[in-house]
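Below are the chains, spelled out letter by letter.
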Amino acid sequence: MALTETVEEGMFQAENPIHELNRMLVKYDLTPNQAKVYLFLSKIGIKTASEISKALKIPRTETYHLLSTLQQKGIIFSVFGKPTKFNSTGLEESLGILLNNERNRISELEAGKDSLIKLWNIIPKYGEDDTESQDNKFQSLQGRNSILGKLEQMIKESKETILVLGTDADFKKFYFTEFTELLNKTKSELRILTDHQSDMPNIFESIDPNKVKKIDDKNREDFCFIIKDDSEVIFFISNNKVKEMLAVWTDSKAFVTTLKSLFSLMWKKSHHINETDAESLLGSEITYEHRLREIEQEKMILSYLKENFKLLGNGKDRR
Amino acid sequence: MTDTNKSNQKEEMKSLKILIIDDNEQITKMLTTFLELKDHKCTVANDGKEGLDVIKENRHDVILLDLAMPEFDGYSVIKDLEENNTLKDHKIIVFTASTITQEELDDLVKRGVMSYILKPVDIDLLHSKLIDTASL
């Protein structure tokens, strides 16, 4: 008894790595208390419900409920005897089971999607069609998964252009997701403006370099957004108070057009990542010569116009 | 008859429909003001793609086409018209500040561009060239 309590006392102390494990298991669709019970059994071994309840300071009724749910999920099992005792499957096996459960759940949801839409369409629409409300929708998105879901939908539905602006740090949460794979697959014209360091891994390194330009430091702004065609944009909001990613999606034409113009301006000023420094320098020298001639041309037209307007002005004065 | 007189005579002859395709907004604005003072009608496109759309939609007496433009440049406009076998249907004057060789300019003319003007150019000369080209 003494051993169990001592171990338990240390197990869920704030600095114990088990806390991190607990947080991670929550991502596998366990509640914090379910994860706590599972981890307790994994580390301590076979225990009765009563022992678990006492050790984890969870009310007995809730403990029974938690054990029952974990059994249904298939990551703990009961051992025959009186009173009934419980034990857990190994962590690796449990993670496999939990992943499978999630996959099955998604398959079921996918299978039910068509029937749901059919049923929905059967029900007549009672409200009036308000076409104006179709525009200017704003949706706030919190957390990686909801943002990623929207991004994936935008990329898949895009027919003309996908414009991406942001640093590697802005998109680091999308490592190991389908984000870059979808960008690679898109048939729309893809343009990415990002920071780029050739000696560092970059989330966009698998993308055709002709589609990626490096944001010049002098043009650097703290913007991060993705535009689909002329119709939708997701822009990210950095908020230090909120740990989770925050973004806003909108189909506001004014918003999309403004951000598209900004992107276009920055794209013009930036260089392709596969351009060598020499090429870039050469390019800017050519631009410099070119610009000088254009300025000279501007001056020539301007002086003509000034002269003419002066004449027109004098004529008016005389009248 | 002096060159100026000749030019004045031409000006009186016809008001032209001119399309200017140039990404330099200062130039397009001032040039439009200048040409409108001369009673011509101007349409402006600030990039090649937009220019191509205007070319396809409306007929112009003469087109001033800049070569160096971001994204869709003047060369792409020429190439597109060439691929559609319509380059020779338009009176295009290449109007550029780019460093371009005589060979390259001759090649453009061979392909169907009517003429070329290198920036900077005297504004009266530019005007004469527009009128000459339109009347060809």
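Residues numbered from 1 in each chain as written. Chains lettered and ligands numbered in written order. Predicted model: local features only at pLDDT ≥ 70, side-chain atom pairs only at ≥ 80, totals over all residues. Heavy atoms only, no water.

Caption draft 1: A look at the overall build of chain A. Summing up its helical and strand segments, chain A has 11 helices and 11 strands in all. The buried share of chain A, taken over its 319 residues, is 35%. Considering only contacts within chain A whose residues lie at least 6 apart along the sequence, 65% involve residues at least 24 apart. Total accessible area computed for chain A in this model is approximately 20,900 Å², and 54% of it derives from carbon and sulfur atoms. (Helix = DSSP H or I, 4+ residues; strand = E, 2+ residues; numbered from the N terminus. Buried < 20%, exposed > 50% of the residue type's maximum accessible area, 1.4 Å probe, protein only. Contact = heavy atoms within 4.5 Å. Areas by Shrake-Rupley, 256 points an atom, 1.4 Å probe, with all protein chains shown as cover.)

Caption draft 2: Examining the confidence of the model for chain B more closely. Confidence in the prediction for chain B averages 87 pLDDT; 90% of positions are at 70 or higher. Complex prediction metrics read pTM 0.43 and ipTM 0.85. (pLDDT = per-residue confidence, 0-100.)

Caption draft 3: A look at the nonpolar core. All names here are of chain A. Among the nonpolar cores identified, the biggest contains 26 residues, and Val164, Phe171, Phe174, Phe179, Leu183, Phe204 and Phe236 are the most heavily contacted of them. When contributions to this core are tallied by element, the ones reaching two or more residues are helix 7 (144-157), strand 5 (161-165), helix 9 (179-185), strand 6 (189-194), strand 9 (232-237) and strand 10 (246-250). At 5 residues, helix 7 tops the list of elements feeding residues into this core. Those residues in contact with Phe236 that sit more than four places away from it in its chain are Ile147, Leu151, Phe171, Phe174, Cys224, Phe225, Met245, Leu246 and Ala247. (Core = buried A, V, L, I, M, F, W, Y, C linked by side-chain atoms within 4.5 Å.)

Caption draft 4: Broad picture of the pairing of strand 3 (residues 85-88) of chain A. Residue and element names in this part refer to chain A. Pairing of strand 1 (residues 47-48) with strand 3, which is carried by 2 bridges, proceeds in the antiparallel orientation. The residue bridging Lys47 from the neighbouring strand is Phe86, located in strand 3. Across 4 bridges, strand 2 (residues 76-79) lies against strand 3 in antiparallel orientation. For Phe77, the partnering residue across the bridge sits in strand 3 and is Asn87. Two successive antiparallel strands, strand 2 and strand 3, enclose a turn made up of 5 residues, where Gly81 displays a positive phi of approximately 155°. (Pairing = 2+ DSSP bridges.)

Caption draft 5: Quick peek at the interface of chain B and chain A. If you look at the interface, chain B gives 23 residues, while chain A gives 17 residues. Both sides of the chain B and chain A interface together cover about 1,900 Å² of buried area, and 66% of this is carbon and sulfur. Here chain B and chain A share 1 salt bridge between them. Of the charged contacts in the structure, one is a salt bridge between Glu294(A) and Lys119(B), with a shortest N-O distance of 2.6 Å. Across the chain B-chain A interface, the total number found is 6 residue pairs in polar contact (both at pLDDT 80 or more). Every element with two or more residues in the side of chain B that touches chain A is listed here: helix 2 (25-37) and helix 6 (123-135) of chain B. The dominant element in the side of chain B that touches chain A, judged by the number of residues it contributes, is helix 2 of chain B, at 7 residues. (Buried area = accessible area lost by both parts, 1.4 Å probe. Salt bridge = Lys/Arg side-chain N within 4 Å of Asp/Glu carboxyl O. Polar contact = N/O pair within 3.5 Å; in protein donor to acceptor, adjacent residues only side chain to side chain.)

Caption draft 6: A look at the pattern of salt bridges. Residues and elements named next belong to chain A. Per the counting criterion, the structure on display carries 17 salt bridges over all chains. Note that Glu232 and Lys228 form a salt bridge whose closest N and O atoms lie 3.0 Å from each other. Like Lys228, Glu232 is buried. With a closest N to O distance of 3.7 Å, Glu296 and Lys299 form a salt bridge.

Caption draft 7: Structural context of the sheet that holds strand 5 (residues 115-118) of chain B. All names here are of chain B. The strand order across the open sheet built from 5 strands is 2-1-3-4-5, with neighbouring strands paired in parallel fashion. Looking at which strands have only one partner, the edges of the open sheet turn out to be strand 2 (41-45) and strand 5. Going across the sheet, the axis of each strand differs from the next one's by a mean of 20°, ignoring polarity. As paired elements, strand 4 (residues 92-96) and strand 5 share 4 bridges and run parallel to each other. (Axes fitted to C-alpha atoms, helices over the stretch in contact; angles between N-to-C directions.)

Caption draft 8: Representation of the packing of aromatic side chains. The final tally for this structure, using the stated rule, is 11 aromatic pairs over all chains. Between Phe174(A) and Phe179(A), the ring centres sit 5.2 Å apart and the planes meet at 45°, which makes this aromatic pair tilted. The same class applies to Phe174(A) as to Phe179(A), namely buried. Aromatic rings pair up to connect Phe171(A), Phe174(A), Phe179(A), Phe204(A) and Phe236(A) into one cluster. The ring of Trp249(A) carries the charged tip of Lys150(A) above its face, separated from the ring centre by 4.2 Å. Taking the ring centre of Phe95(B) as reference, the NZ or CZ of Lys119(B) above it sits at 4.8 Å. (Phe/Tyr/Trp six-rings, centres within 6.5 Å; stacked < 30°, edge-to-face > 60°. Lys NZ or Arg CZ within 6 Å of the ring centre and 35° of its normal.)

Caption draft 9: A look at a nonpolar patch on the surface. Residues and elements named next belong to chain A. On the surface, a nonpolar cluster with roughly 690 Å² of combined accessible area is contributed by Leu119, Trp120, Ile122, Ile123 and Tyr126. Along the chain, Ile123 falls in the loop between helix 6 (91-122) and strand 4 (138-142). With relative accessibility at 48%, the residue Ile123 sits in the partly exposed group. (Patch = residues over 30% accessible without salt bridge, like charges linked within 9 Å, V, L, I, M, F, W, Y side chains within 5 Å.)

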